[in-house]
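Residue strings, one per chain:
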Amino acid sequence: MDGSALSYFLMAWFDPWLLGLTALGTFAGVYIGAIPGLSVTMAVSILISFTFSWDVNEALALMAGVFCGGVYGGSRTAILLNIPGAPSAIATALDGFPLAQRGEAGRAIGVSTVVSVIGGMLGVLALAIAAPAISDFALMFAPRDYLLLAIIGILLVGSLSGESLAKGVFAGALGVLIGMVGLDPLTAEQRFTFGQISLLGGIPYVAAMIGFFGVAEALVQLHHLKATPIRQQVDRILPSWNVVKRYIPLSIRSSIIGVVIGALPGTGGDIASLMAYDHAKRSVKKPSRPFGQGAYEGLVAPESANNAAIGGAYIPMLTLGLPGDAVTAVIIGALFIHGLRPGPMMMIETPHLFWFTVGNLTLANLFTLVFGLTGIRIFAKMVECPRTVLVPLIVVLSVVGTYAIQNSVVDIYWMLAFGVLGYFMKMYGYQVGPVILGVILGPLMDVSYRRAMLSVRDEPSAFALELVSHPLTLVLTLSVVLLLARQTPAWTTMQARIGRWRNDGRTGGA
Amino acid sequence: MKTKLLGAAAALAMLSAAADGTAAEYPARDLQGIIMWGAGGATDTVARAVTPLAESALGKQVVLVNKPGGTGAISTAFVAARPSDGYTLLYGAENPQLHKVLELSQIDYADFYPVNILAHGVAVIVANNDMPWKSVKDLVADAQKRPGEIKMGSTGPGGLPHVVGALMKTVIEFPVTPVPFDGEGPGITALLGGHVDFMPAGLSAAAEHIKAGRVKVLAVVNNEEISALPGVPPITADFADFGKYLPWGPFYGVFVKRDVPDAAKDKLVTAFKAAATDPKFVDLMVGRGNIMMNIAGAEADEFLKKWQSTTAWVLHEAKATKASPEQFGIPKP
């Protein structure tokens, strides 16, 4: 980085006004992110009109703050109430909420704040040093590669189904069905709409998420109305360096997943965090507790990944003018309105923008650390409310949040119906995690598979050849095969044999 | 006591509401603006750029809400169901003009009054840099030599690439395989990565990639060269027959229900006319490769009808519609 780059990088650091805007954005973002239904995408698009007459740097500083704070904030309600504040916090709820139920909400938020910032910083680092290389890499992903990624993701059903895989697969299929409603994305044919205009746009998956997580959980809590709330330990919130050190390798691996998935134009923080959770589950041999029962590893991986995905999403945006996710799509619109030309020439025509953004995101991450670590005690105490107060609060929050998605009353009905369905599913041992996984990944698999087939003119043999003839695709195909093979009895026997053979070798040598 | 108090409050509220309706001049309160496409899309950007400028002329805020889905059918249905008081605006693109023939909705712009058709876009045909073609003629010749092997980036039925492709097919044999993506951005992403070979796209989406030399432009879908792309031949240079459909392109406009009182319509037309002549907005639109229109009322209706008649019939002839335009009284061009 030469002199001018450094001065652009520090622009927002030494200008009190820009510094204040970044701080304000981050602070607002944390709370917007924490409220389910109020999304970062929505907040940033409202900011476009709001900042119309401002200078572009000021608008960008505010947006970067809201983005970083918002993605982090989603974890708050996921941990405390089991309602992910944003889709990218779904995986956080899986182990975060059990932690809160054990009275460790304060520590859980502390750890998630620290790893969020680590992930966020690594994302910014990737943006700063490797943006052109990563964006070229992201362009290499063809429809077939998105399909393989989605398959790797959907295999996560196995990890999320709880006791019964069959029930997990059923729940996942239900999610895929929910995701199919609306207009076919390729042919605009109506699917499962029964001629209803209100179903043309599909069922917003955030409504499904709030219903299955928030309301279903609230209904389950009704069984324990009389139970005394869990006392939260709030004395040790800041995780010690030793604790953090233990999670750093996992955090780094998850951040790499986050950066790549974030940089891919078809996927964002939600998929990144789910894949990171899956990665943690496969790679961590001895978690602090079993996954799903309050393992800190299950918190570290998704929280690192979704914040790293921010830097990732900025990569194609700044280098090519292509959005890496929904939020950067809105920011591109904002750049247009401010008279800039987002595209491959932007870094040449407005060179300050790149390092200014990098500096800004760094700053926003620092503010996330500050705002994230303050106020935890009050938040954690929230869970100590009597259930007679907490349960209605969750329902109200769910309704308001759902209405906010697109100001539609129909969405509220969906959300409530999913809540009741989710309640019965939980009662009969069906997990709701796979449903959301299906809603997110089903449509991605659908369009990617059909695009890939269209690209080879519907010839299965040509499709099969493509799966092994491109280096990137081959790697992904092998990953899928390996993931599947590891679950077969043959693999287990082979592992056992190899183990025995090694032991024999050792004893033989002695 | 409590009920009495409530009753009094309700009466008061009704009274003030009635006063609003009769005495106060439109607009007496804030308006709501429904954007038919999602945040960050072209329609969204245009709406969010023009609105602050119109607000100053209206003296009230326009609260913008995205209601995407069904290529705009959700929004048109929503606005049509709102009271005809001029307090709900529809920010839309060209899509509803095809909803009838695609059997998506029975509502199109015949049900709305055009407050302003702000601008229309220009389509270009861009190709991946590794492709050997130098002109659309080369592309067509290659497509005829290996029918179906060339992949065209598309955005689904009724989208710009699809319509331009269909227009081409009425002029000349053009056997290519369309691969639909979620929008022009994702389509161009696929083009950059070489996952499709060429794509008809809006200039606003393709301009920066052309300028940077990341894709090559084969032709402008227009009957003459345009100032934004000097030296790029119009499509009529190779295929003169194409001229009968031109000018053709996506457009952006602001609408209210047709039966809104004239006083409100006039107020809105004046406000948006002023907004659309603001140099800041004009710069933004022209910079994105659009051509300013800034027309309202009868003139805009004329434009909307012509657009619908050309596009619906071409799609029908290309067998891409579900219902004949004749059924809806859409005249043949």
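Reading guide: rules and limits
- Residue numbering note: each chain is counted from 1, following its sequence as written.
- Think of it this way: whatever chain is written first is A, whatever ligand is written first is 1, and the rest follow in order.
- In keeping with the model being predicted, local features are shown solely for residues with a pLDDT of at least 70 and side-chain atom pairs are shown and tallied solely at 80 or more, while totals for entire chains, interfaces and linings include all residues.
- Hydrogens and water are ignored here; the side-chain numbers use all heavy atoms of the structure.
- Counting from the N terminus, the helices are the DSSP runs of H or I reaching at least four residues and the strands are the DSSP runs of E reaching at least two.
- C-alpha atoms define the radius of gyration in this analysis, and the globule rule sets the expected value at 2.2 Å times the number of residues to the power 0.38.
- Burial classification: accessible surface area is computed with a 1.4 Å probe over protein chains only, and a residue below 20% of its type maximum counts as buried, one above 50% as exposed, and the rest as partly exposed.
- In what follows, a contact means two residues having at least one pair of non-hydrogen atoms within 4.5 Å.
- Only the protein chains shown count as cover for residues, and all accessible areas are computed by the Shrake-Rupley method using a 1.4 Å probe.
- By nonpolar core is meant a set of buried Ala, Val, Leu, Ile, Met, Phe, Trp, Tyr and Cys residues that side-chain atoms within 4.5 Å join together.
- Each pair of strands is called paired provided DSSP finds at least two bridges between the two strands.
- A fitted line through C-alpha atoms serves as each axis, taken over the contacting stretch for helices, and the angle formed by two N-to-C directions is quoted from 0 to 180°.
- By buried area we mean the combined loss of accessible area, with a 1.4 Å probe, across both parts when two parts are placed together.
- Each reported salt bridge corresponds to a side-chain nitrogen of Lys or Arg within 4 Å of a carboxyl oxygen of Asp or Glu.
- Any two of the Phe, Tyr and Trp rings considered here, Trp counted by its six-membered ring, make a pair once their centres fall within 6.5 Å; the pair's planes then place it as stacked at under 30 degrees, edge-to-face at over 60, or tilted in between.
- Lysine and arginine charges are scored as sitting over a ring when NZ or CZ, respectively, is within 6 Å of the ring centre and within 35 degrees of the ring normal.
- Definitions used for this entry: grid spacing 1 Å over protein atoms alone; cavity, a set of points where a 1.4 Å probe fits but cannot get out; pocket, an open set with protein on both sides within 12 Å along at least 5 of 7 lines; lining residue, one with an atom within 4 Å of a point.
- Grid points are joined across faces, edges and corners, and a volume is the space filled by probe spheres set on the points.
- Polar here means any residue other than Ala, Val, Leu, Ile, Met, Phe, Trp, Tyr, Cys and Pro, which are nonpolar, and Asp, Glu, Lys and Arg, which are charged; Gly is therefore polar.
- What a helix is expected to span follows from its residue count: subtract one and scale by 1.5 Å.
- Two N or O atoms form a polar contact when they lie within 3.5 Å of each other; inside protein one atom must be a possible hydrogen donor and the other a possible acceptor, and for residues adjacent in sequence the pair counts only when both atoms belong to side chains.
- UniProt positions are given in the numbering used here, feature names are shortened, and annotations may be inferred rather than shown by experiment.
- Any angle that falls under 35 degrees is termed roughly parallel, while one over 145 is termed roughly antiparallel, one within 65 to 115 roughly perpendicular, and all others oblique.
- What makes a crossing left-handed is the near helix being turned counterclockwise from the far one by less than a right angle; a clockwise turn instead makes it right-handed.

As annotated in an unreviewed UniProt entry, chain B carries the name ABC transporter substrate-binding protein and is attributed to Thalassobaculum fulvum.

The name given to chain A in an unreviewed UniProt entry is C4-dicarboxylate ABC transporter permease, with Thalassobaculum fulvum as the source organism.

Draft legend 1. Region of interest: the overall build of chain B. Secondary structure summary: chain B contains ten helices and eleven strands in total. Relative to the compact-globule value of 20 Å for 333 residues, chain B shows a C-alpha radius of gyration of 22 Å, a close match. Dimensions along the principal axes, computed over C-alpha positions, put chain B at roughly 85 × 40 × 35 Å. The burial tally for chain B puts 58% of its 333 residues in the buried class. Restricting the contact set of chain B to residue pairs at least 6 apart, pairs at least 24 apart contribute 75%. Accessible surface, chain B as shown: approximately 13,100 Å² in total, 56% of it carbon and sulfur.

Draft legend 2. Expanded view of the overall build of chain A. What chain A contains, in helices and strands, is 25 helices and two strands. Against the compact-globule benchmark of 24 Å for 510 residues, chain A has a radius of gyration of 23 Å, which places it among compact chains. Here chain A holds 510 residues, and 58% of them are scored as buried. Looking at chain A alone, contacts between residues at least 24 apart form 79% of all its contacts between residues at least 6 apart.

Draft legend 3. Inspection of the nonpolar core at higher detail. Counting 96 residues, the largest nonpolar core has Phe-212 and Leu-441 of chain A as its most contacted members. In this view, Phe-212 of chain A contacts Leu-174, Ile-178, Phe-418, Leu-421, Gly-422, Met-425, Lys-426, Val-432, Val-435 and Ile-436 of chain A; residues no more than four positions away in its chain are not counted. Within the second largest apolar cluster, 90 residues are counted, among which are Val-330, Leu-340 and Phe-367 of chain A together with Met-285 of chain B.

Draft legend 4. Just the sheet that holds strand S1 (residues 31-35) of chain B, in detail. Residue and element names in this part refer to chain B. With respect to topology, six strands assemble into an open sheet ordered S2-S1-S3-S10-S4-S11, the strand pairing being mixed. Unpaired on one side and paired on the other, strand S2 (62-66) and strand S11 (290-295) mark the two borders of the sheet. Between one strand and the next, the sheet's axes are offset by a mean angle of 20°, whatever the strand orientation. By the bridge criterion, four bridges tie S1 to strand S3 (residues 88-92) in an arrangement that is parallel. Bridge assignment links Ile-35 to a residue of S3, and that residue is Tyr-91. Across the sheet, helix H10 (residues 297-317) touches strand S4 (112-121), strand S10 (251-257) and S11, and the angle it forms with S4 is around 65°.

Draft legend 5. Spotlight on the interface of chain A and chain B. Chain A puts 44 residues into the contact, and the matching count from chain B is 49 residues. Each partner contributes to the roughly 3,800 Å² buried at the junction of chain A and chain B, and carbon and sulfur atoms together form 62% of this total. Counting the contacts that link chain A with chain B gives four salt bridges. The partner of Lys-211 of chain B in a salt bridge is Glu-349 of chain A, and the shortest N-O contact between them spans 3.1 Å.

Draft legend 6. View of the packing of aromatic side chains. In the structure shown here, the tally under the stated rule is 27 aromatic pairs over all chains. Centroid distance Tyr-449 of chain A to Phe-463 of chain A: 5.9 Å. Interplanar angle 90°. Geometry classified as edge-to-face. A residue pair is termed long-range when its members are at least 10 positions apart, and Tyr-449 of chain A in helix H22 (residues 433-455) and Phe-463 of chain A in helix H23 (residues 460-469) qualify at 14 residues. When the ring of Phe-242 of chain B is compared with that of Tyr-245 of chain B, the centres are 6.0 Å apart and the planes differ by 90°; the resulting orientation is edge-to-face. Pair check on accessibility: Phe-242 of chain B and Tyr-245 of chain B agree, each one buried. Sitting over the ring of Tyr-87 of chain B, Arg-29 of chain B keeps its end group 3.9 Å from the ring centre.

Draft legend 7. Quick peek at empty space enclosed by the protein. Residue and element names in this part refer to chain A. One pass over the structure, following the stated rule, counts five cavities of 30 Å³ or more. Counted as a void, the largest cavity has a volume near 150 Å³. Phe-97, Gln-221, Val-383, Arg-387 and Leu-390 are, among the 15 residues lining the largest cavity, the residues nearest its centre. Looking at the lining of the largest cavity, the elements that each hand over two or more residues are helix H5 (56-81), helix H6 (90-101), helix H12 (205-221) and helix H20 (387-406). Counting residues per element, the lining of the largest cavity draws most heavily on H20, at four residues. When the residues that make up the lining of the largest cavity are grouped by side-chain class, the tally is eleven nonpolar, two polar and two charged.

Draft legend 8. Representation of helix H3 (residues 16-34) of chain A within the structure. Residues and elements named next belong to chain A. Taking 1.5 Å as the rise per residue, H3 with 19 residues should run 27 Å; its terminal C-alpha atoms sit 27 Å apart, in good agreement. Buried residues of H3: Leu-18, Leu-21, Thr-22, Ala-23, Gly-25, Thr-26, Gly-29, Val-30, Gly-33 and Ala-34, and no others. On its buried face, H3 sits against helix H2 (11-14), H5 and helix H18 (352-373). Among the residues of H3, the N-terminal cap falls to Asp-15, whose side-chain oxygen and the backbone nitrogen of Trp-17 are separated by 2.9 Å.

Draft legend 9. Looking closely at the pairing of S4 of chain B. Residue and element names in this part refer to chain B. The buried fraction of S4 amounts to ten of the ten residues, a majority that puts the element mostly inside the structure. Bridge analysis of S4 against S10 gives seven bridges, and the strand direction is antiparallel. Bridge pairing links Tyr-113 to Val-256 in S10.

Draft legend 10. Representation of the pairing of strand S7 (residues 177-180) of chain B. In terms of strand pairing, strand S6 (residues 151-154) of chain B meets S7 of chain B through four bridges, oriented parallel. Paired with Gly-153 of chain B across the bridge in S7 of chain B is Val-179 of chain B.

Draft legend 11. Region of the structure containing the UniProt feature "domain: DUF112" (unreviewed entry) in chain A. Per the UniProt record, "domain: DUF112" (unreviewed entry) is annotated on residues 20-437 of chain A. The span residues 20-437 of chain A is 72% helix and 1% strand, and its two end C-alpha atoms sit 38 Å from each other.

Draft legend 12. The arrangement of the packing of H6 of chain A against helix H15 (residues 297-320) of chain A in detail. Residue and element names in this part refer to chain A. One way to put it is that H6 packs onto H15 with a least axis distance of 8 Å and a crossing angle of 140°. Looking at the two axes, H6 sits oblique to H15. Handedness of the H6/H15 crossing: left-handed. On H15, the residues that touch Ala-91, Thr-92, Asp-95, Gly-96 and Leu-99 of H6 are Gly-298, Leu-299, Pro-302, Glu-303 and Asn-306.

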